[in-house]
Amino acid sequence: MNAIDRTPADLLRSALAADPGRPLVTFYDDATGERVELSVATFANWVAKTANLLQGDLGAEPGDRLALLLPAHWQSAVWLLACASVGVVAEIGGDPADADLVVSGPDTLEEARACSGERVALALRPLGGRFPQPPAGFADYAVEVPGQGDRFAPFVPVDADGPGLVVGGVELSNAALVERAREDAAQRGLGAGARVLSGLDFDGWEGLSAGLYGPLAAGGSVVLCRNLDRLAPEALAQRVESERVTHTA
């Protein structure tokens, strides 16, 4: 990717400029049978809409802290890049009580209620479906995001040297995150066109790097698998072949 890219949002813009039609994130949930494939352009559109929701409707500003209580999922990847686009610090598994905003999946709603700021809930249903009954005290992401704008421009330019991500108790600036992703990609032997199958969760840097940032930094793509332990070995081998996987994590 472009050597001058210093934020995750820069990496996405470069990917969009290079080849908007290629796959970027292919998501499987082996508990539900869901498969979703997002091209660079489709993923970037979701990121723009989510960033507009974050900056506009939720009033988030650069430096605000967002507790991200989501598993490895394509919508989690969207939120990570949306935070990077606005300049909001995504805290993986962060304490909602200490956060300015919280984004929660269906299994962490009670924990997320400790946040005194804006709360967003994701049902994580196939095709980005909404909750059958919206959880009290939360904005339903699937209801709020479709009407957002398809293009995003931050009110304030994102500082590459400012904080971007907190994971495992370690805070990374945007620039440090990009550099670390590039280093990981090089160590994995990832290059343009690499396709990484990852069954790792997003609760640590290794899963985030393999399942999003590394492939993005290298100009590759990811096959992100949730509940991969439910897949039989022969079915996994078939997926590796059909998805043209070049690397696994």
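First, a word on what this report is: a plain description of the structure on this page. Keep in mind it's a predicted model, so treat the numbers as computed, not measured.

With that settled, the discussion passes to unusual backbone geometry. Not every positive phi belongs to a glycine, and Leu127 is a case in point at roughly 60 degrees. Here Leu127 lies in the loop between strand E6 (118–121) and strand E7 (139–140). Judged by relative accessible area, which is 73%, Leu127 ranks as exposed. If you check the backbone angles, Arg244 has positive phi at about 55 degrees while not being a glycine.

Read from one edge of the open sheet, 7 strands run E7-E6-E5-E3-E4-E8-E9, paired in mixed fashion. For this open sheet the edge positions go to E7 and strand E9 (170–173), each flanked by a neighbour on one side alone. As paired elements, strand E4 (residues 89–92) and strand E8 (residues 163–167) share 2 bridges and run parallel to each other. Paired with Glu91 across the bridge in E8 is Val166. Against the sheet, helix H6 (residues 174–188) touches E8 and E9, its axis set at about 95 degrees to E9.

Judged by pairing direction, the sheet is mixed, and its 5 strands sit side by side in the order E2-E1-E11-E10-E12 without closing on themselves. Only two strands of the sheet have a single neighbouring strand rather than two, namely strand E2 (34–39) and strand E12 (247–248). Strand direction decides the pairing type here: strand E10 (residues 195–198) and strand E11 (residues 221–226), joined by 4 bridges, are parallel. Within E11, the position partnered with Arg195 by the bridge is Ser221. Here helix H3 (residues 74–86) sits on the sheet and contacts strand E1 (23–29), E2 and E11; the angle it forms with E2, its principal contact strand, is near 35 degrees.

Right, let's get into the pattern of salt bridges. Counted under the stated rule, the structure contains 12 salt bridges. In this structure, Glu37 engages Arg35 in a salt bridge whose closest nitrogen and oxygen atoms are separated by 2.9 Å. The class of Arg35 is partly exposed, set by a relative accessible area of 41%. The closest approach of N and O atoms between Arg65 and Glu91, which form a salt bridge, is 3.1 Å. Taken as a pair, Arg65 in strand E3 (residues 65–69) and Glu91 in strand E4 lie far apart in primary sequence, 26 residues in all.

About the criteria used
- Residues numbered from 1 in each chain as written.
- Predicted model: local features only at pLDDT ≥ 70, side-chain atom pairs only at ≥ 80, totals over all residues.
- Heavy atoms only, no water.
- Helix = DSSP H or I, 4+ residues; strand = E, 2+ residues; numbered from the N terminus.
- Buried < 20%, exposed > 50% of the residue type's maximum accessible area, 1.4 Å probe, protein only.
- Pairing = 2+ DSSP bridges.
- Contact = heavy atoms within 4.5 Å.
- Axes fitted to C-alpha atoms, helices over the stretch in contact; angles between N-to-C directions.
- Salt bridge = Lys/Arg side-chain N within 4 Å of Asp/Glu carboxyl O.

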